[in-house]
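Now for the letters of each chain:
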Amino acid sequence: MSQVLTTDQGVAFLRTPEAAFQGLPDFDHAPAYITFEGLRLAYVDVGPRDGPVALLMHGMPTWSFLNRHIINRLVAEGYRCIAADHIGFGRSDKVIDDGWYSIPRHVAAHRALIQALDLKDTTLFCQDWGGPISLAQVAEAPQRFARLVIMNTWLHHEAYAYTDALRRWNAQWQADGLFGLNVPEKLSLGWFMMVSLGHMTAQDLYGIVSTGTYPQLTPQAAAVRRAYDAPFEGLGRLGHAGPRRFPLSLPFYNPEGGAAADQARWFAALDTWTKPIHFIWGGADNVFTEDWGRAWAGRFPQASFDVFADAGHFLQDTHGERIAETFLARRAEP
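These remarks concern the structure in this document.

Focus on the overall build of the protein chain
From N to C terminus, the protein chain includes 12 helices and 11 strands. Relative to a compact globule of 334 residues, whose C-alpha radius of gyration would be 20 Å, the protein chain shows 19 Å and is just as compact. C-alpha atoms of the protein chain, sized along the principal axes, occupy 55 × 45 × 40 Å. Out of the 334 residues belonging to the protein chain, those deemed buried represent 58%. For the protein chain, contacts bridging at least 24 residues in sequence account for 75% of all contacts bridging at least 6.

Some details on the sheet that holds strand β2 (residues 12–14)
Pairing in this open sheet of three strands is antiparallel, and the strands run β1-β2-β7 from one edge to the other. Each having just a single partner strand, β1 (5–6) and β7 (94–95) make up the two edges of the open sheet. As paired elements, β1 and β2 share two bridges and run antiparallel to each other. Within the sheet, the bridge partner assigned to T6 lies in β2 and is A12.

Thoughts on the nonpolar core
Membership of the largest hydrophobic core comes to 111 residues, with the highest contact counts inside it found for L74, F125, L135, L148 and W296. Ranked by residues supplied to this core, first place goes to helix α2 (residues 103–117) with six residues. Contact partners of L148, with chain neighbours within four places excluded, come to L124, L135, V138, L270, W273, P276, I277 and H278.

Here we look at the environment of S196
The topology assignment puts S196 in helix α6 (residues 189–196). Spatially, the C-alpha atom of S196 lies 9.9 Å from that of L315, the residues being 119 residues apart in sequence.

Quick notes on the packing of aromatic side chains
One pass over the full model with this rule turns up 28 aromatic pairs. The interplanar angle of 70 degrees and the centroid separation of 4.9 Å between the aromatic rings of W129 and W154 together place this pair among those described as edge-to-face. Placement of W129 in the loop between β8 (122–127) and α3 (130–140) and of W154 in the loop between β9 (145–151) and α4 (164–172) is noted, with a sequence separation of 25 residues between them. Both residues of the pair, W129 and W154, belong to the buried class. Geometrically, the ring pair formed by W292 and W296 is stacked, given 5.0 Å between the ring centres and 25 degrees between the ring planes.

A word on α3
Each full turn of the α-helix corresponds to 3.6 residues, which orients residues three or four apart in the same direction. Judged by how many residues are buried, α3 sits mostly within the fold: nine of 11 residues are covered. Residues of α3 that are buried make contact with β5 (53–57), α2, β8, β9, α10 (260–270) and α11 (290–297).

Considerations on unusual backbone geometry
Residues other than glycine predominantly adopt negative phi, and peptide bonds predominantly adopt the trans conformation. In this structure, the amide linkage connecting M60 to the following residue, P61, adopts the cis form with an omega of 0 degrees. In this fold, P61 is placed in the loop between β5 and α1 (68–76). Omega for the bond connecting V183 with P184 falls within 30 degrees of zero, at 10 degrees, which places this linkage in the cis form. If you trace the backbone, P184 turns up in the loop between α5 (178–182) and α6. A positive phi angle, near 50 degrees, is found at D121, a position not held by glycine. Mapped onto the secondary structure, D121 falls in the loop between α2 and β8.

Details of the packing of α1 against helix α12 (residues 315–332)
Following both chains from N to C, one finds α1 and α12 inclined at 30 degrees, their axes separated by 7 Å at the closest point. For the element pair α1 and α12, the recorded crossing hand is right-handed. Between α1, through R68, H69, I70, R73 and L74, and α12, the contact on the second element is made entirely by Q316, D317, G320, E321, I323, A324, E325, F327 and L328. In terms of residue class, the contact of α1 with α12 is made up of six nonpolar, three polar and five charged.

Some thoughts on the pairing of strand β4 (residues 39–46)
Counting buried positions along β4 gives seven out of eight residues, so the element sits mostly inside the fold. In this structure, β4 lies alongside strand β6 (residues 80–84), joined through four bridges in antiparallel fashion. When the sheet's bridge partners are listed, Y43 is paired in β6 with A84.

Basis of the calculations
Per chain, the residues get numbers from 1 upward, laid out in the order the sequence is written. For this predicted model, a pLDDT threshold of at least 70 governs which residues receive local features, and a threshold of 80 or more governs which side-chain atom pairs are given and counted, while totals over whole chains, interfaces and linings are taken from all residues. Hydrogens and water molecules were not included; the side-chain quantities draw on all heavy atoms of the structure. Helix and strand definitions follow DSSP, with helices as H or I runs of at least four residues and strands as E runs of at least two, each counted in order from the N terminus. We take the radius of gyration over the C-alpha atoms and set the globule estimate at 2.2 Å times the residue count to the 0.38 power. Exposed residues in this analysis have more than 50% of their type's maximum accessible area, buried residues have under 20%, and partly exposed residues fall in between, with area computed by a 1.4 Å probe over protein chains only. Here, two residues are considered to be in contact whenever any of their heavy atoms come within 4.5 Å of each other. Two strands are said to pair when DSSP picks up at least two bridges between them. For the purposes of this section, nonpolar cores are sets of buried Ala, Val, Leu, Ile, Met, Phe, Trp, Tyr and Cys residues that join through side-chain atoms within 4.5 Å. Only Phe, Tyr and Trp rings take part, Trp by its six-membered ring, and two of them pair if their centres are within 6.5 Å. Stacked means planes under 30 degrees apart, edge-to-face means over 60, and tilted covers everything else. Lines fitted to C-alpha atoms define the axes here, with helix axes fitted over just the stretch in contact, and angles between the N-to-C directions of these axes take values from 0 to 180 degrees. Crossing handedness: left-handed means the near helix sits turned counterclockwise from the far one by under a right angle, and right-handed means the same turn made clockwise. Each residue gets one of three labels, nonpolar for Ala, Val, Leu, Ile, Met, Phe, Trp, Tyr, Cys and Pro, charged for Asp, Glu, Lys and Arg, and polar for the others, Gly among them.

Below is the structure:
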């Protein structure tokens, strides 16, 4: 395991060696860093510095690699793309204390990034936990944003109905749940992503846990699996506190850590958004359903709604270039 380091404030963390990130498919962007509470928060900043700005936010259990296809297409179109890794993910430092992590803290970290880079006229792309964390920035500093692209996410509020899939996800990450018991000793997050991306079945996942039998992946899928495992290479259970904490921060389970009251306030504030807003939705997602996406889009008279019927929860990975093309087409509309 990597050496445990500490900040000046005594917060213990792990740092993934940069060698773990070499040779990733379609993602050779060098990292940059800001310091937040004595920790490194990593981000990539690619494309022309005078181009229109796109800020891309990931969720659980991914990192900025998830957005690679969108980034590469937008950079080719002249965009400056910025994609950060939450603390505990990607190239960012991994605090080993589960209790350190909360949604307000993630929000504060990304507020620090936006302010450090002084982002303006920004187009936001968000999905999963990247939704609440980045839409908080829009609610609190709308003048920095010009356009929103919202994919398979939510903001907690009193009327929101959590799906059975989300409730199962929370239960599976409890100490006695499937993932709580088996990640990372028997099951890595990269192998979990292979189910979500359609490279193996749920039965294959249970085979890994119960018998240690791994399915054969194509070379392309194996490279993607390695990329999702790279942030946690050699870090053991201590290094997985960040991913472990997100499912246990869902507001129906953990209102304080999940910023339930703040999320409801951000949701209400977002209703006043009058600039362009595009919903691009994975229609095969049972976590954040198409019906919810359409209902949310319906709150904005200016919204567009595009559904990819064959896309699941992680549509940036499976349909990234199509997302970029859809956005570019929508942007060009009068």
